[in-house]
Amino acid sequence: MASLINQIQSKIKSKILIDYDMRKSTWFRAGGNALGYVIVNNISDLKTIISYADQIKYYIVGVGSNLMVRDGGFDGLIIKLGKNFNKIKINKNILSVGSGVLDINLAKFALQNLIKDFEFFSGIPGTIGGAIKMNAGCYGSQTADNLKRILVINKFGKLKYLKKDELELKYRSSNLTDDLIVLKADFACEYSSASEIIEKKNYIKFKRESSQPIKEKTSGSTFKNPYGEYAAVLIEKAGCKGMRNGDASVSATHSNFIINNGEATALDIENLGKQIIKQVQEKFGITLDWEIKIIGT
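Cut-offs and rules
- Residues numbered from 1 in each chain as written.
- Predicted model: local features only at pLDDT ≥ 70, side-chain atom pairs only at ≥ 80, totals over all residues.
- Heavy atoms only, no water.
- Helix = DSSP H or I, 4+ residues; strand = E, 2+ residues; numbered from the N terminus.
- Buried < 20%, exposed > 50% of the residue type's maximum accessible area, 1.4 Å probe, protein only.
- Lys, Arg positive; Asp, Glu negative; His and termini not counted.
- Salt bridge = Lys/Arg side-chain N within 4 Å of Asp/Glu carboxyl O.
- Contact = heavy atoms within 4.5 Å.
- Pairing = 2+ DSSP bridges.
- Axes fitted to C-alpha atoms, helices over the stretch in contact; angles between N-to-C directions.
- Arc of directions from axis to C-beta.
- 1 Å grid on protein atoms, 1.4 Å probe; cavity = no way out; pocket = protein on both sides within 12 Å on 5 of 7 lines; lining within 4 Å.
- Points joined across faces, edges and corners; volume = space filled by probe spheres on them.
- Nonpolar A, V, L, I, M, F, W, Y, C, P; charged D, E, K, R; others polar.

**As for the side chain of Glu291**
Secondary-structure assignment places Glu291 in the loop between helix H7 (266–284) and strand S16 (293–295). Of the side chains bearing the opposite charge, Arg172 lies closest to the buried Glu291, which forms no salt bridge; the N-O distance is 4.0 Å. Dropping the residues within four chain positions of it, Glu291 is found in contact with Asn66, Met134, Tyr171, Arg172, Ser221, Thr222, Phe223 and Lys224.

**A closer look at the sheet that holds strand S10 (residues 147–153)**
Whether parallel or antiparallel, the strands of a sheet pair through hydrogen bonds between backbone atoms. One open sheet accounts for five strands, arranged S6-S7-S12-S10-S11; its pairing is antiparallel. In this open sheet, the two strands that pair with only one neighbour each are strand S6 (88–91) and strand S11 (159–163). The mean angle between the axes of side-by-side strands here comes to 20°, regardless of whether they run parallel or antiparallel.

**Quick notes on helix H3 (residues 103–112)**
An α-helical turn contains 3.6 residues, so any two residues separated by three or four positions project in the same direction. Asp103, Leu106, Ala107, Phe109 and Ala110 are the residues of H3 that are buried. Along the long axis of H3, the arc covered by the buried residues comes to 165°, so they all point the same way. Among the structural elements, S6, strand S7 (94–98), helix H4 (128–133) and helix H5 (194–211) are those in contact with the buried residues of H3. At the exit of H3 stands Leu114, carrying a positive phi of roughly 60°.

**Some points on the layout of surface pockets**
The computed volume of the second largest pocket comes to approximately 300 Å³. Residue lining of the second largest pocket: 14 residues in total, with Asn84, Lys87, Gly98, Leu183 and Lys184 positioned closest to the centre. The set of elements that each furnish at least two residues to the lining of the second largest pocket consists of S7 and strand S12 (181–188). Top element by residues in the lining of the second largest pocket is S7. It accounts for three residues. Looking at side-chain class alone, the lining of the second largest pocket contains six nonpolar, five polar and three charged residues.

Printed below as a string of structure tokens:
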């Protein structure tokens, strides 16, 4: 596999980091290594890398806020989209956003340009590519609300626009498979006053800071909310609040957050999650679904 990575490296300008410790690039700060990690700064390099899809697996990441790599590592390339995928443009009433743009930076850009209804992105840690794939949202808003279409590239290097209706965007899900890479998104935009936007943005900031363990090693909400229920309420009522496994624990601040208290392994975290699922299932007959993406062996 090393020779294959060397072959790919010889054809691209972006630097592949070999045997990369994914703890550096995930918010849990736990887990194993990837065969390679590369920040891809242009579409040409991206096309070259994915042209090897039948020989080496790849996985696209944002800032690692919603990702955990198992302790055995990931036997492929981790790809992060770099500077050429990190641009925002306004064309009349369309906001074109690169998939590498941080959610919070989109919220800031919208405020600077008096564009409303993007305030909720300030409460989501991650990038726009990931937000689209999982239809991320919070406090009553979601990515699908203003989305018009996205630009994707498939494993054969073909680019294609997909309209929102083609994505089957539902609560924390879409029909986008891992072999489709989101490059850009076009959103409809409407304008408002700075005071209205700031008020909504400050409300979201207050809610997050007062109810979530944002300064801990965590990957945000661990489980999706079941229909008509709140995962945090189910977890707490199932007796899981404060529960530990190794150096991982259920947050005392918000039951739907798992915390790495310092030296937790990915297995500690995953097994704690499995125990939560078991106890909630036994008490309520409801099976929680992971919101965190878990990859590797």
